[in-house]
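Here's the letter readout for the chains.
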Amino acid sequence: MLDASFDIVEQYVRFPKIERTEVQKIVEWIRAQPHMPNLSEGEVLIFYIACKCSSEMAKQVIDTNLTCHTHVDEFFNNLDPEYPAMERAMRVDAMFLLPKLTPEGHRVAVGKLIDLNAANFNFADSIKLFLLLLDVFVREDDVRSGYRIVFDTSGVTLGHVARLGIMTMKKLIFYLQEALPVRLIGLHFINIVPFMDKILALMYPFMKKELVDMLHVHSNMDEFYKFVPKNILPGEIDGEELESAQLREIYYDKVRSRRKEILEYEKLFRINEQLRPGKPKNSSDLFGIAGNFKKLDID
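Residues numbered from 1 in each chain as written. Predicted model: local features only at pLDDT ≥ 70, side-chain atom pairs only at ≥ 80, totals over all residues. Heavy atoms only, no water.

Side note on the pairing of strand β2 (residues 107-113)
Within a regular strand, side chains alternate between the sheet's two faces. With seven of its seven residues buried, β2 lies for the most part within the structure. With five bridges connecting them, strand β1 (residues 93-97) and β2 associate as antiparallel partners. By the bridge assignment, aspartate 93 is partnered in β2 with leucine 113. Note that the unit made of β2, helix α7 (residues 123-138) and strand β3 (residues 147-152) has a crossover that is right-handed. (Buried < 20%, exposed > 50% of the residue type's maximum accessible area, 1.4 Å probe, protein only. Helix = DSSP H or I, 4+ residues; strand = E, 2+ residues; numbered from the N terminus. Pairing = 2+ DSSP bridges. Right-handed = clockwise from strand over helix to strand, strands pointing away.)

Here you go:
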């Protein structure tokens, strides 16, 4: 199964205020939960830092993350990189992490279209690929104090917007707010299209104030560069890195090389609802009829 491959001792050196015993207590708590798979100390540390070193919040987010993996089929089923829908998503989308960090030490994840034919675009599969890439990479990278997600809307048409799907958007926003294994500190749209308001209209009903406050729609790239320096960006955005089409292949190769682990991860990184203390959960418990969200502060 996928596991954190970074040097865990080094992470505690980098974050000296973290008490290792607190992380280990969460590991023991997970092992005592009959419905949860065992998580390594490294995996727990990722969540713990994402939750600003709150043990109770980390427990909540870990449970919600695993529950999403169990019940949100659109994002967490059929993760095989050789599955036709995943191969198509890899051809259509460029999803990758920038090799260099921001000056504050934040990691930047980028998503954009490469194949601009809306008929080839599947929103749920694109999100599945993005979240899988993130799950693989955060287990390889050193633990980071924050992540920025950047969506480059170059080439997006109304045909793409028509294929977004309101329920899929709702599930994505829920996951970003309630279950993301990293600390989200910024959500950015660049190279925005004239109908950006239609995309935002799909998002806003499901967003809490904390996420709205970190949402940035950049009509001016100079404003964006204040968050993500120009020099660390892909070449086609006037940066100094490789172009997006090249960067994506580096990260897609990471996913392909870990296919066996991903298949095991898909099967094991789940909740056993039959063993959950109290009432088992299902998809409606996560999203409900009215779409109420559980409480989780993000900043």
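Still more ground to cover, so stick around.
As for the sheet that holds strand β5 (residues 215-217)
What the five strands build is an open sheet, ordered β1-β2-β3-β4-β5; its pairing is mixed. Among the strands making up the open sheet, the edge pair consists of β1 and β5. Neighbour-to-neighbour, the strand axes of this sheet turn through a mean angle of 15°, independent of strand direction. (Axes fitted to C-alpha atoms, helices over the stretch in contact; angles between N-to-C directions.)

What to know about the UniProt feature "domain: CRAL-TRIO" (unreviewed entry) in the protein chain
According to UniProt, the positions carrying the feature "domain: CRAL-TRIO" (unreviewed entry) are residues 85-245. End C-alpha atoms of residues 85-245 are separated by 19 Å, and the span's content is 37% helix alongside 17% strand. (UniProt positions renumbered as here; feature names shortened; annotations may be inferred.)

Here we look at the pattern of salt bridges
As enumerated under the stated definition, the model contains 27 salt bridges in all. Notably, a salt bridge pairs glutamate 28 with arginine 31, separated by 3.1 Å at the nearest N-O pair. With glutamate 28 and arginine 31 both in helix α2 (residues 20-31) and three residues apart, the pair spans about one turn of that helix. Connected through shared salt-bridge partners, Asp63, Glu273, Arg276 and Lys281 make up one network. (Salt bridge = Lys/Arg side-chain N within 4 Å of Asp/Glu carboxyl O.)

Remarks on the packing of aromatic side chains
According to the stated counting rule, one finds nine aromatic pairs in the structure shown. Here phenylalanine 75 and phenylalanine 76 contribute two aromatic rings whose centre-to-centre distance is 6.2 Å and whose plane-to-plane angle is 80°, an arrangement assigned as edge-to-face. Side by side, phenylalanine 75 and phenylalanine 76 carry an identical accessibility label, which is buried. For the pair phenylalanine 76 and tyrosine 175, a centre-to-centre distance of 5.4 Å together with 50° between the ring planes defines the contact as tilted. Residue phenylalanine 76 is located in helix α5 (residues 73-76), and its partner tyrosine 175 is located in helix α9 (residues 166-178); the two are separated by 99 residues in the primary sequence. For phenylalanine 76, a relative accessible area of 2% corresponds to the buried category. (Phe/Tyr/Trp six-rings, centres within 6.5 Å; stacked < 30°, edge-to-face > 60°.)

So, the environment of glutamate 249
The topology assignment puts glutamate 249 in helix α13 (residues 244-257). Judged by its relative accessible area of 29%, glutamate 249 is partly exposed. A sequence separation of 154 residues divides glutamate 249 from methionine 95, and the C-alpha atoms of the two residues are 9.0 Å apart. Engagement of the side chain of glutamate 249 in a polar contact is seen with the side chain of arginine 248, the distance being 3.5 Å. (Polar contact = N/O pair within 3.5 Å; in protein donor to acceptor, adjacent residues only side chain to side chain.)

Observations regarding empty space enclosed by the protein
For the structure shown, the criterion picks out five cavities of 30 Å³ or more. Space inside the largest cavity adds up to approximately 400 Å³. What lines the largest cavity is a set of 24 residues, among which Phe121, Phe123, Phe151, Leu164 and Phe189 lie closest to the centre. For the lining of the largest cavity, the secondary structure elements donating two or more residues are β1, β2, α7, β3, α8 (158-161), α9, β4 (184-190) and α10 (196-203). Element by element, the count of residues in the lining of the largest cavity is highest for α9, at four residues. Looking at the lining of the largest cavity residue by residue, the classes come out as 17 nonpolar, four polar and three charged. (1 Å grid on protein atoms, 1.4 Å probe; cavity = no way out; pocket = protein on both sides within 12 Å on 5 of 7 lines; lining within 4 Å. Points joined across faces, edges and corners; volume = space filled by probe spheres on them. Nonpolar A, V, L, I, M, F, W, Y, C, P; charged D, E, K, R; others polar.)

So, the packing of helix α6 (residues 84-92) against α7
Between α6 and α7, whose axes approach to 9 Å, the crossing angle comes to 85°. It follows from the interaxial angle that α6 and α7 lie roughly perpendicular. Residues Ala85, Met86, Arg88, Ala89 and Met90 of α6 touch α7, and the partners they reach there are Asp125, Lys128, Leu129 and Leu132. Of the residues that constitute the contact of α6 with α7, the class distribution is six nonpolar, no polar and three charged. (Parallel < 35°, antiparallel > 145°, perpendicular 65-115°, else oblique. Contact = heavy atoms within 4.5 Å.)

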